[in-house]
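# Close look at the chain arrangement
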Amino acid sequence: MTIEKAIEMLRTEYERAKRLPFVMNPLAWALYQVWKIADGRKRH
């Protein structure tokens with residue numbers, strides 16, 4: 001994964017997180033989602 005791809009994914013996940021009512025901190029949630037993918041863990 002490139003840094004450019006990670007940033008693109010982060011922006012996408014951040015926009016998604018802003019629409020999720022259970023997410024209190026969209027940036028933290030988005031970072032965690034992208035980290036899981038970058039680390040090779042399955043996405044939930």
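My aim in this report is to walk through the structure given alongside it, one point at a time. Keep in mind that this is a model prediction, so the values were computed, not measured.

Conventions used here
Residues numbered from 1 in each chain as written. Predicted model: local features only at pLDDT ≥ 70, side-chain atom pairs only at ≥ 80, totals over all residues. Heavy atoms only, no water. Salt bridge = Lys/Arg side-chain N within 4 Å of Asp/Glu carboxyl O. Helix = DSSP H or I, 4+ residues; strand = E, 2+ residues; numbered from the N terminus. Buried < 20%, exposed > 50% of the residue type's maximum accessible area, 1.4 Å probe, protein only. Polar contact = N/O pair within 3.5 Å; in protein donor to acceptor, adjacent residues only side chain to side chain. Axes fitted to C-alpha atoms, helices over the stretch in contact; angles between N-to-C directions. Parallel < 35°, antiparallel > 145°, perpendicular 65-115°, else oblique. Left-handed = near helix turned anticlockwise from the far one by under 90°. Contact = heavy atoms within 4.5 Å.

## Describing the pattern of salt bridges
Within the structure shown, the criterion is met by three salt bridges. Among the salt bridges present, the one from K5 reaches E8, with a minimum N-O distance of 3.8 Å. Placement of both K5 and E8 in helix α1 (residues 3-18) is noted, with a separation of three residues, approximately one turn of the helix. Residue class for K5 comes out partly exposed when judged on its relative accessible area of 38%. One salt bridge in this structure joins E15 and K18, with 3.2 Å as the shortest N-O distance. Of the two residues, E15 and K18 are both situated in helix α1; the distance of three residues between them amounts to about one turn of the helix. Here K18 falls in the partly exposed class, since its relative accessible area comes to 45%.

## Examining the side chain of E13
Along the polypeptide, E13 turns up in helix α1. For E13, a relative accessible area of 5% puts it in the buried group. A distance of 2.9 Å separates a polar atom in the side chain of E13 from a polar atom in the side chain of R16.

## Re the packing of α1 against helix α2 (residues 26-38)
Where α1 contacts α2, the two axes come as close as 8 Å, and the packing angle between them is 135°. In terms of orientation, α1 lies oblique with respect to α2. Regarding α1 and α2, the two cross each other, and that crossing is right-handed. Where α1 abuts α2, its residues A6, M9, L10, E13, Y14, R16, A17 and K18 lie against P26, L27, W29, A30, L31, Q33, V34 and I37.

All quantities given are derived from atomic positions and should not be read as evidence of function.
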